[in-house]
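# Breakdown of the fold
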Amino acid sequence: MHLSSKFQFRDWLLANDPALSRLRMATRVTLTIVLSVLILLAIQALIAPLPRAAFGLGIVLSIEGGVAVRDKGNSRQLVTRLLGCGASIAVVGIAAGLEDHRFFSDLVFLAVIALASAARVFGPRGFAIGMFAFTSYFMGAYFQPSFAELPEVAFGPIVAVLVGHVVRAVLLPDDGRRDLLRSLESVRGRINQILFKLAALAGGDVGDDDRQELRQLEDRLKEAVLMAETFIPRPPGGVFDGAADPAAELAIRLFDAHLAAESAIVLSVQSPPPFALVHAVIEADTAELARYEGMAEAIKDQPQGETMRALLWLGEARQQLSEVINQGQAHFFSSIDAAEDTGQSPLVDFSLANPLLRAALQITIAAAIAMSFGLLLSRERWFWAVLASFLVFTNTNSRGDTAMKALSRSLGTVLGIAMGLVLATLISGQSAIAIPVAVICIFLAFYFLQVSYATMTFFISIVLCLVYGMTGVLTLDLLKLRIGETMIGAAAGTAVAFLVFPTRTRGALDTALDRWFLSLRALLDAIGEGKSGFELIALSQRIDACYRDVTVAARPLGSSWSVVTRPGQIRQTLAIFLSCTYWARILAKNYEATAVTDQEKLIAADLALIADAAPRGSACFFIKRKASRTTGRHLPVSREGARVGLEMIGSALERLYPQPDVLPFAPGEAIARSKQG
């Protein structure tokens, strides 16, 4: 029972955290902070007293070292950390030297912000060094160390950088093979979740809530598959030479498992499968699966038969994937070497055409506004406003994204301070309890960082309250000031995002849609040229990745603060793109050269629809459509898959801009219409 629970917990963890990447990052950050603080305390006890700035820099650079350093390879990471350490000590020295000239110091802070933001044009290394410099000047101006204390202050950055490198390179190192294996286990776990849901629906009616849950499970599976694909090393060009390559065989098995799961969802929604069949797939009951294979063949022209064949396909693909996981390095991974980072420098563009440079100007202007209004509230705590204005621009690609992040930071801060005030009051004066609670909150903050920025901010705010409580400076006025400064920074960032070099949400969505249409056109062109095999699969995977970018770009349009009628339209349109992406994968999987009758006619029709829809960009997200009538229809995925793929791509594209006098038609009608025409 104990072992069973252990494996269930592992499966749950992998199903929610592919490759355990979130767990590893949170553990790295937490461990680096704890070890750095302990070492600094030892230095203080054995060598010399250290100023508070040394501890503050040690903590914040431990965080930046775990989050901002994104180079591949230990040697490149070490170089980035050392350069970041040098930048940190330099800007702290500047802050200390300018402490008696606060107005000039504030202007220099803006210059540091501008340079740190602009450094992102140099790629991951520039981003990391910029973050080191910004946070270090922030801490230097906040703690106000004297210039004479600079040698002692330098212990903080040095210890954080060295400990961070040891933690990442030695204690919790990256391992491409291990990450690939874990990501494959995550894929299997999410397939199991889909099977459990199908078992619950077996033999009954599928309601709207069930469809929504299946769609969410499908999205979660796609996330895990995309991560697993990034760990599979590919030759130049991304196309394997043949199935003899173990990496190519693995890519095909992963592709099959993903496509089989999607097909099982599509067909089960239209005709729920028998419970006994789903149970047989879950338990890998060979005898029962063989019996249902015969039943599926006997009713192959009926909807239930297609559903059975899809479940049988999923069972086979799942079993093959399990073999990959169980055999591990003994079979597949022994000849798969982790892809090495070439270390090529990105193309540097300092023109305003570069969105990174425009973002740097936005960040600097927002910081200046936040600084001005923050100073009106407090001469000592205005840095919080600047910090908020800086961070709301991180990892955003449109003004809608920035507004959402600003709102998340504000809500997370308010709720976190409320909870932190309660905890700090309850455990006041009990450091033996407060310290472990703070460590747990730090871990949770960075575990949820990639999932919810508001959640991360919530836990960090709790940690700050606990620290204030342990240092004896916790007051209600201080917490109110923290909230006020954060609101100022979030508002400044949002205002600048909308007014200065605004990147409209629809503009970002137009760009993502353009890439999606180009990828779909490339697949159809490749089929027209007679290509097949791995090349088509690679092109279909590119469409899948572009669809993910479309969902990210469209997210602000469907957020809760949008017009209340929009989320339904946004989800409906995304469902059309998802359907088209799915059928592109079916097409790539089943296509064989010269195997499709009327191929040229079908491809030409789809290309004409792309030519009509692509120039309209995101306008399709604001069209009201009537729901498709899919009840009682079935799709012959198991037969004529390539032809059906071409037809259904056209059907989906037609639904983007339906004709006023033509109702959207169901998948079965698309097949009938194409055969008649």
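Throughout what follows, the structure given in this document is the object of discussion. (Residues numbered from 1 in each chain as written. Predicted model: local features only at pLDDT ≥ 70, side-chain atom pairs only at ≥ 80, totals over all residues. Heavy atoms only, no water.)

## Quick notes on the overall build of the protein chain
- Counting its regular elements, the protein chain contains 26 helices and 0 strands.
- Scored against the burial criterion, the 677 residues of the protein chain give a buried share of 51%.
- Accessible area for the protein chain stands at about 29600 Å²; split by element, carbon and sulfur atoms hold 61% of it. (Helix = DSSP H or I, 4+ residues; strand = E, 2+ residues; numbered from the N terminus. Buried < 20%, exposed > 50% of the residue type's maximum accessible area, 1.4 Å probe, protein only. Areas by Shrake-Rupley, 256 points an atom, 1.4 Å probe, with all protein chains shown as cover.)

## A few points about a nonpolar patch on the surface
- Taken together, the side chains of Ile365, Ile369, Phe373 and Leu376 make up a nonpolar region of the molecular surface, amounting to roughly 380 Å² of accessible area.
- Position of Ile369 among the secondary structure elements: in helix α15 (residues 355-377).
- Ile369 gets classed as partly exposed once you look at its relative accessible area, which sits at 32%. (Patch = residues over 30% accessible without salt bridge, like charges linked within 9 Å, V, L, I, M, F, W, Y side chains within 5 Å. Salt bridge = Lys/Arg side-chain N within 4 Å of Asp/Glu carboxyl O.)

## Structural notes on the environment of Glu99
- Along the polypeptide, Glu99 turns up in the loop between α4 (74-97) and α5 (102-118).
- Each C-alpha atom of the pair Glu99 and Ser146 lies 7.7 Å from the other, and the pair is 47 residues apart in sequence.

## Topic: the packing of α4 against helix α6 (residues 124-143)
- Viewed as axis vectors pointing N to C, α4 and α6 meet at an angle of 30 degrees, and their least axial separation amounts to 8 Å. Here α4 is positioned roughly parallel relative to α6, judged by the angle of their axes. Like other packed secondary-structure pairs, α4 and α6 cross with a definite hand, here right-handed.
- For the contact of α4 with α6, a count of residues per class yields 14 nonpolar, 5 polar and 3 charged. (Axes fitted to C-alpha atoms, helices over the stretch in contact; angles between N-to-C directions. Parallel < 35°, antiparallel > 145°, perpendicular 65-115°, else oblique. Left-handed = near helix turned anticlockwise from the far one by under 90°. Nonpolar A, V, L, I, M, F, W, Y, C, P; charged D, E, K, R; others polar.)

## Re helix α12 (residues 275-283)
- The complete set of buried residues in α12 reads Leu277, Val278, Ala280, Val281 and Ile282.
- Positive phi shows up at Ala284, right after α12, with a value of about 55 degrees.

## Side note on the packing of aromatic side chains
- Counted under the stated rule, the structure contains 19 aromatic pairs.
- Look at Phe443 and Tyr447: their rings are 6.0 Å apart centre to centre, the planes differ by 20 degrees, and that puts the pair in the stacked class. One end of the pair is Phe443 and the other is Tyr447, both in helix α18 (residues 431-447) and 4 residues apart, which spans about a single turn.
- Phe443 gets classed as partly exposed once you look at its relative accessible area, which sits at 24%. (Phe/Tyr/Trp six-rings, centres within 6.5 Å; stacked < 30°, edge-to-face > 60°.)

## A look at unusual backbone geometry
- For Gln144, which is not a glycine, the phi torsion comes out positive at approximately 55 degrees.
- By the element assignment, Gln144 lies in the loop between α6 and α7 (150-153).
- Judged by relative accessible area, which is 29%, Gln144 ranks as partly exposed.
- Although it is not a glycine, Ala284 sits at a positive phi angle of roughly 55 degrees.

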